[in-house]
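Close look at the chain arrangement
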Amino acid sequence: MTSRFQKVAVVGAGAVGSFYGAMLARAGQRVVLVGRPPHVAAIERDGLKLDMAGRTETIRIDAAATLEAVRGADLVLFCVKSTDTDAVARALAPLLAPHAVVLSLQNGVENAAAIARHVRQAVIPAVVYVATAMGGPGTVRHFGRGDLVIGALDGGTSGAPGRAGVLQDLVALFGAAGVKVTISDDVMAELWSKLLVNCAYNAISALAQAPYERFAALPEIRELQALIVREVVALARAEGIALAVEPSLQAVERIARSMPAQLSSTAQDLARRKPSEIDHLNGFIARRGRELGVAVPVNQTLAALVKLVEAGHARSE
């Protein structure tokens, strides 16, 4: 286990944060989960239940309901919803140790830069490929994958002095916990590729409340996804990000095979009548499309429909 990271704090310990916190804790790492009070209370009472590979494992792990728990952490896994990034980063800044590293495990392409506007410490973007869901307070369910891609926020693997060493230490830390981490020389292109996949799945899964395996069975949905892919690729190119259509279509097809039972995070949010991250997924594509003059009507339509559902939830409360 690398000596750089003696204490890990997970900020926003929902499904993704709880999974990675659990993996690190079961490998012997000192971890504290910062989450909602019901989740924290269940963990303190019964431990964190990790439902993975057909069995449920109880993991003893520290948990807290306030950000004060990050004091003294060498590594912070930043897992809050994209809509909360600015507020949480601002609140986190005075609590961070000078040497701390912040690893953004979030959807979207803007979060790491948003965090870096508020904190002086190193901020590392991560592309997350995992299928998880909350099984109730104190329980996280794993459906597939779990690998990460990381890189320097400023491009390349060198960046600030010592940044390459930080990336290698993260590979070692997670590798010891059974989590594969790959270092990318162009993590922004990787983030855009993940955003493209999210745009092709999240809103459709949410509106239909359908798992990914059902997408591949319907030619109409595959055609819809292809339209989404072409729009995101066109916008990425306008942003100076080198994405290609055919590899992107193949990446979308692979997700249905590797995560067949997964409901998107947006689908899970709508099912719980919670605000989603749609403004940072298809909604982000719609906004940047307008700003850059790139037509993205399919993404705009999906974002509007998810917003319509969310508005209906708000009216009924």
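Scroll up a little and you will see the structure.
Definitions and cut-offs
- Per chain, the residues get numbers from 1 upward, laid out in the order the sequence is written.
- Whole-chain, interface and lining totals are the exception, using all residues; otherwise, since this is a predicted model, local features are given only for residues with pLDDT of at least 70 and side-chain atom pairs are given and counted only at 80 or more.
- The basis for every side-chain value is the complete set of non-hydrogen atoms in the structure, without hydrogens or water.
- Helix and strand definitions follow DSSP, with helices as H or I runs of at least four residues and strands as E runs of at least two, each counted in order from the N terminus.
- Here the globule rule reads 2.2 Å times residues to the power 0.38, and the radius of gyration is calculated from C-alpha atoms.
- Burial classes follow relative accessibility: with a 1.4 Å probe on protein chains only, a residue under 20% of its type's maximum area counts as buried, one over 50% as exposed, and anything between as partly exposed.
- Contact definition: two residues touch when any of their heavy atoms are within 4.5 Å.
- Per-residue accessibility takes into account occlusion by the displayed protein chains alone, with areas from the Shrake-Rupley method and a 1.4 Å probe.
- Take a side-chain nitrogen of Lys or Arg and a carboxyl oxygen of Asp or Glu: if they are within 4 Å of each other, that pair is a salt bridge.
- Put simply, two rings from Phe, Tyr or Trp (the six-membered ring, in Trp's case) pair if the centres are within 6.5 Å, and we call them stacked under 30 degrees between planes, edge-to-face over 60, tilted for the rest.
- Take the buried residues of types Ala, Val, Leu, Ile, Met, Phe, Trp, Tyr and Cys, join any two whose side-chain atoms come within 4.5 Å, and each joined set is a nonpolar core.
- Within this analysis, the arc is defined by the directions that extend from the helix axis to the C-beta atoms.
- In the cavity and pocket records, a cavity denotes points on a 1 Å grid over the protein atoms alone where a 1.4 Å probe fits but cannot get out, a pocket denotes an open set with protein on both sides within 12 Å along at least 5 of 7 lines, and lining residues are residues with an atom within 4 Å of a point.
- Grid points are joined across faces, edges and corners, and a volume is the space filled by probe spheres set on the points.
- Three categories are distinguished: nonpolar for Ala, Val, Leu, Ile, Met, Phe, Trp, Tyr, Cys and Pro, charged for Asp, Glu, Lys and Arg, and polar for the others, with Gly belonging to the last.

The next point concerns the overall build of the protein chain. Of regular secondary structure, the protein chain possesses 11 helices and 10 strands. Computed over the C-alpha atoms, the radius of gyration of the protein chain is 19 Å, within 12% of the 20 Å expected from 2.2 N^0.38 for a compact globule of 317 residues. Considered along the principal axes of its C-alpha atoms, the protein chain spans approximately 50 × 45 × 35 Å. Here the protein chain, with 317 residues, has 55% of them falling under the buried criterion. Considering only contacts within the protein chain whose residues lie at least 6 apart along the sequence, 70% involve residues at least 24 apart. Summing over all exposed atoms, the protein chain offers an accessible surface of approximately 13500 Å²; the carbon and sulfur share of this is 53%.

On to the pattern of salt bridges. When their charged atoms lie close together, side chains carrying opposite charge are able to pair. Under the definition given, this model contains 14 salt bridges. Across the salt bridge formed by Asp169 and Arg4, the nearest N and O atoms sit 2.5 Å from each other. Here the residue Asp169 occupies a position in helix α5 (residues 163-175), and Arg4 occupies one in the segment before β1 (7-11), the gap between them amounting to 165 residues. In this structure, Arg287 engages Glu291 in a salt bridge whose closest nitrogen and oxygen atoms are separated by 3.6 Å. On the criterion of helical spacing, the pair formed by Arg287 and Glu291 is a turn pair, its members being four residues apart in helix α10 (residues 282-292). The class for Arg287 is partly exposed, based on a relative accessible area of 29%. The exposure class of Glu291 is partly exposed, given its relative accessible area of 46%. Sharing partners across several salt bridges, the network here consists of Glu110, Glu239, Arg287, Arg288 and Glu291.

Within the element layout of this structure, Asn299 appears in helix α11 (residues 297-316). Assessed through its relative accessible area of 0%, Asn299 is described here as buried. Leaving out residues up to four positions away in the same chain, Asn299 has contacts with Cys199, Ile228, Glu231, Val232, Asn282 and Ile285.

A word on the packing of aromatic side chains. Within the structure shown, the criterion is met by six aromatic pairs. Measuring from ring centre to ring centre gives 5.0 Å for Phe19 and Tyr20, while their planes differ by 75°; the resulting arrangement is edge-to-face. Note on Phe19: relative accessible area 2%, which makes it buried. The exposure class assigned to Tyr20 is buried, which follows from its relative accessible area of 0%. An aromatic cluster is defined as three or more aromatic residues linked by ring pairs; in this entry it consists of Phe19, Tyr20 and Phe174.

In this section: the nonpolar core. Counting residues in each nonpolar core, the largest one holds 50 residues, and the members touching the most others are Trp192, Leu195, Leu196, Tyr201, Ile228 and Ile285. Elements that contribute at least two residues to this core include exactly β8 (122-134), α6 (187-208), α7 (219-238), α8 (245-258), α9 (265-271), α10 and α11. Considering each element in turn, this core owes the most residues, 13 residues, to α6. Ignoring sequence-local partners within four residues, the contact set of Ile228 consists of Cys199, Ala200, Ile204, Val298, Asn299 and Leu302. Counting residues in each nonpolar core, the second largest holds 42 residues, with Val31, Ile59, Cys79 and Val181 among its members.

Our next topic: helix α2 (residues 37-46). Regarding α2, the residues found buried are His39, Val40, Ala42 and Ile43. Around the axis of α2, the buried residues are gathered within 165° of arc, so they sit on the same side. In α2, the exposed positions that point more than 90 degrees away from the buried face belong to Pro37, Pro38, Glu44 and Arg45. Buried residues along α2 sit in contact with α1 (15-26), β2 (30-34), β3 (48-52), β5 (62-64), β8 and β9 (139-150). Backbone geometry just after α2 places Gly47 at a positive phi near 85°.

This paragraph deals with the layout of surface pockets. Its volume calculated, the largest pocket comes out at about 1300 Å³. Every residue lining the largest pocket is counted, 49 residues in all, and those nearest its centre are Gly12, Gly14, Ala15, Cys79 and Lys81. Only α1, α2, β8, α6 and α9 provide two or more residues apiece to the lining of the largest pocket. Sort the elements by how many residues they give to the lining of the largest pocket and β8 lands first, with six residues. In the lining of the largest pocket, the residues fall into 24 nonpolar, 17 polar and eight charged. Its boundaries defined by the atoms lining it, the second largest pocket holds a volume of some 190 Å³. Looking at the second largest pocket, the residues that line it are Tyr201, Phe215, Ala216, Arg222, Gln225, Ala226, Leu249, Val252, Glu253, Ala256 and Arg257. Along the lines of polarity and charge, the residues of the lining of the second largest pocket split into seven nonpolar, one polar and three charged.

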